[in-house]
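Residues per chain, in single letters:
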Amino acid sequence: MAALEPRLRTVGVVLAGGVGQRVGLNTPKQLVKIAGKTILEHTLALFDGAPEVDEIIVMMTPGFTDEVERIVALNGFRKVGKILEGGASRPETTWRALKALGAQECDVLLHDAVRPLLEPRIITECVEALKVYSAVDVAIPSSDTIVVAAPGPRGEIVRDIPERSGLRRGQTPQCFRLSVIREAYERAFADPDFDRRPPTDDCGVVLRYLPDVPIYIVPGSEHNMKVTHPVDVFIADKLFQLAAGTAPEHSPFAYREAMEGKTMVVFGGSYGIGADVVDLAERHGAEVFSFSRSLNGVRVEDPQAVEDALAHAAKETGRIDYVVNTAGVLHMGKLGEVNDTTIAETVGVNYLGPVNIARAAIGHLRETRGHLLLYTSSSYTRGRADYSLYSSTKAAVVNLTQALADEWAEYGVRVNCVNPERTSTPMRVRAFGEEPSHTLLSPRAVAQTSLDVLISHLTGHVIDVRLDGT
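Below is a summary of the structure that appears in this document.

Rules behind the numbers
Residues numbered from 1 in each chain as written. Predicted model: local features only at pLDDT ≥ 70, side-chain atom pairs only at ≥ 80, totals over all residues. Heavy atoms only, no water. Pairing = 2+ DSSP bridges. Helix = DSSP H or I, 4+ residues; strand = E, 2+ residues; numbered from the N terminus. Axes fitted to C-alpha atoms, helices over the stretch in contact; angles between N-to-C directions. Contact = heavy atoms within 4.5 Å. Buried < 20%, exposed > 50% of the residue type's maximum accessible area, 1.4 Å probe, protein only.

A short note on the sheet that holds strand E5 (residues 80–85)
With mixed pairing, seven strands are arranged side by side in an open sheet as E5-E4-E1-E6-E10-E7-E11. In this open sheet, the two strands that pair with only one neighbour each are E5 and strand E11 (216–219). Strand after strand, the sheet turns through a mean of 25 degrees between neighbouring axes, direction not considered. Across four bridges, strand E7 (residues 135–141) lies against E11 in parallel orientation. Residue pairing for E11: Val-138 is matched across the bridge by Val-218. Here helix H4 (residues 120–129) sits on the sheet in contact with strand E1 (10–16), strand E6 (107–112), E7, strand E10 (168–177) and E11, set at roughly 160 degrees to E11. Those strands touched by helix H6 (residues 202–209) are E1, E6, E7 and E10, and its axis lies near 75 degrees from that of E10.

Shown next as structure tokens:
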């Protein structure tokens, strides 16, 4: 093992040169959107936010560098220093990146752009490993039996079944001292057989051409998947939903910094969760305007009333930074048993209300790059026979949240949805009667999570609030 060395400048190279043919697209798969952002945005955010990374180079599919520049500017990624066109192959793209790094020694983290679920822990461990080793791979044990195939008379046959305990599935980043990976590629390009049988990855180049250089393995993660096939897009989107299922934590000072001098409009703020959101926001210095049917006659199903309410708040303070909608109705009964009035009110308040609020709010939120927060119910994932109409409207709010987050991303406006478990609100009491208090969330806890989401950088997520705090 080599002696421990001080950390060098660390450069993250995001390899985004592929086209999404296997995903069924004619555009780069790294520009496919999942969880409200492109795959590339998720990946760049990881490296830009990693304290160990000093600079980022993006190697992009030819013809799409302008789109990367737009993404970088929109998100304010500070560490992206170069955006370059990739080559016709993975080795050529890597070589272009290595040449762009110049002569000064540094540590290089080569990462597939289409692995957007990389854990920050892996970046940290790779950088630490580079203090000891000059080549580092990321891999996980293989849970499947690996079969070595060979041509047979009527197709492939099994030639060998290696011992699974020694097998690993390679991931990225693959990390190197610049001088080492550069020398490996110089030897590779001098080999006339390299093009005929190129290694599958950069560690393979080092292993073949610098066999005396040990390659250390950092444990990877099952979530660090590569988005390659159509089903991968769906899986990655669901994994992002799980990863962002809880609100980020903030220091006590973060709330006042985010709220003081800002304007918040809360619909449905006369009682329950909405009233607690109002109280907490005001305590942290926000100017809050509360509107509801019982408080001042504002019905969210009335688009003009919603528009007038927002206009009033904007006129008073000159801005609107946060719009929160907690208005909702819960009617019990099977769909075949409810009357037309109940259907109209449920759909009007629970779904058309958020639509009306979104339409009226976007003009204000664009000016402040603000945040719209909606609410769903834990029943949205499965539906309930005794209140199927309510559940379906809440499911629609989830889809609305994700669609708006995508639609409004170019304006810098965030949209999220809070999903509380059973909560002790007047609406629930009217529907279910009194229930044991220890089985219900408090409105205050949901309101606190709401503030955590509002001052975060999340967008397009459904944030769970559970009784057990997880």
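Still more to cover.
A short note on helix H3 (residues 90–100)
Within H3 the residues assigned to the buried category are Pro-91, Thr-93, Thr-94, Trp-95, Ala-97 and Leu-98. Of the residues flanking the end of H3, it is Gly-102, one or two places downstream, whose phi is positive at about 80 degrees.

Thoughts on the sheet that holds strand E14 (residues 322–325)
Adjacent strands of a sheet form backbone hydrogen bonds with each other and so pair up, either parallel or antiparallel. In space, the six strands of this open sheet follow the order E13-E12-E14-E15-E16-E17, with parallel pairing throughout. Both edges of this open sheet fall to strand E13 (287–291) and strand E17 (462–465), since each of them pairs with a single strand only. On average, adjacent strands in this sheet sit at an angle of 20 degrees to one another, irrespective of strand direction. Bridge count between strand E12 (residues 263–267) and E14: four bridges; the pairing is parallel. By the bridge assignment for E14, Val-265 is matched with Val-323. With respect to the sheet, helix H9 (residues 272–283) is in contact with E12, E13 and strand E15 (371–375), its orientation differing from that of E12 by roughly 170 degrees.

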